[in-house]
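# Summary of the model geometry
Next come the chains, spelled out residue by residue.
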Amino acid sequence: MRPDIENGAGQGATVFVCRECPGGADRLERVRRALSGTGCDTRPSSCLSGCRSGASVAIRAPGRMAWLLGPVTEDDMAHLPEFMRLYRAAPQGAITDARSLGTLRLRVLARIPALP
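The present account deals with the structure reproduced in this document. (Residues numbered from 1 in each chain as written. Predicted model: local features only at pLDDT ≥ 70, side-chain atom pairs only at ≥ 80, totals over all residues. Heavy atoms only, no water.)

### Details of the overall build of the protein chain
Short version of the rule: Strands here are runs of E lasting at least two residues and helices are runs of H or I lasting at least four, both read from the DSSP assignment and numbered beginning at the N terminus. Atoms counted for the radius of gyration: C-alpha only. Globule rule: 2.2 Å times residue count to the power 0.38. Think of it in three bands: with a 1.4 Å probe and only protein chains considered, a residue is buried below 20% of the maximum accessible area for its type, exposed above 50%, and partly exposed in between. For this analysis, residues touch if any pair of their heavy atoms sits within 4.5 Å. Residue burial considers only the protein chains on display, and all accessible areas are found by Shrake-Rupley using a 1.4 Å probe.
Along the backbone of the protein chain there are three helices and five strands. Its C-alpha radius of gyration of 13 Å places the protein chain within 12% of the 13 Å reference for a compact globule of 116 residues. When burial is assessed residue by residue, the protein chain has 45% of its 116 residues classed as buried. Across the protein chain, the fraction of contacts at a sequence separation of at least 24, relative to all contacts at a separation of at least 6, is 67%. With the model as given, the accessible surface of the protein chain reaches about 6,300 Å², and the carbon-plus-sulfur share is 52%.

So this is what it looks like as structure tokens:
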């Protein structure tokens, strides 16, 4: 088994990339490359309503908090695998210490609580 799947990074998580934000198709491919091997399902999405910032990305998994991030820049891509590792390790996906995420930690637009 691959180590990234063995430790749970990304299992069951879906990453949505807004295809309507400018550069959405290119961003989708960059996010897919950044998360390659993590077990995440990365999909294009219609508008995520992060239009004020643009370049929106959402992460969700069953029983876990959903996150809306934006603008996710090229510099943030390298931090996406670490985000997924923290997300999977955190109770219900509630990351409390995001210092290892570099500038990505500053991109949070919304955290939506998990359903009970």
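Still more ground to cover, so stick around.
### A few points about the side chain of T38
Keep this limit in mind: Any pair of nitrogen or oxygen atoms within 3.5 Å is treated as a polar contact; in protein, a donor-acceptor pairing is required on top of that, and neighbouring residues in sequence qualify only through side-chain atoms on both sides.
Here T38 is to be found in the loop between α2 (24-34) and β2 (41-45). Overall, the relative accessible area of 7% leaves T38 in the buried class. A distance of 2.7 Å separates the side chain of T38 from the backbone oxygen of L35, its partner in a polar contact.

### Focus: the pairing of β2
Rule in force here: By this definition, two strands are paired if DSSP reports at least two bridges between them. The handedness of a crossover follows from its direction of travel: if, with the strands pointing away from the viewer, the path from the first strand over the helix to the second runs clockwise, the crossover is right-handed.
The sheet contact formed by strand β1 (residues 14-18) and β2 spans five bridges and is parallel. Each bridged residue has a counterpart across the sheet, and for F16 the counterpart in β2 is R43. With α2 bridging β1 and its parallel neighbour β2, the resulting β-α-β unit is right-handed.

It is worth stressing that arrangement in space is one thing and function is another; only the former is reported here.
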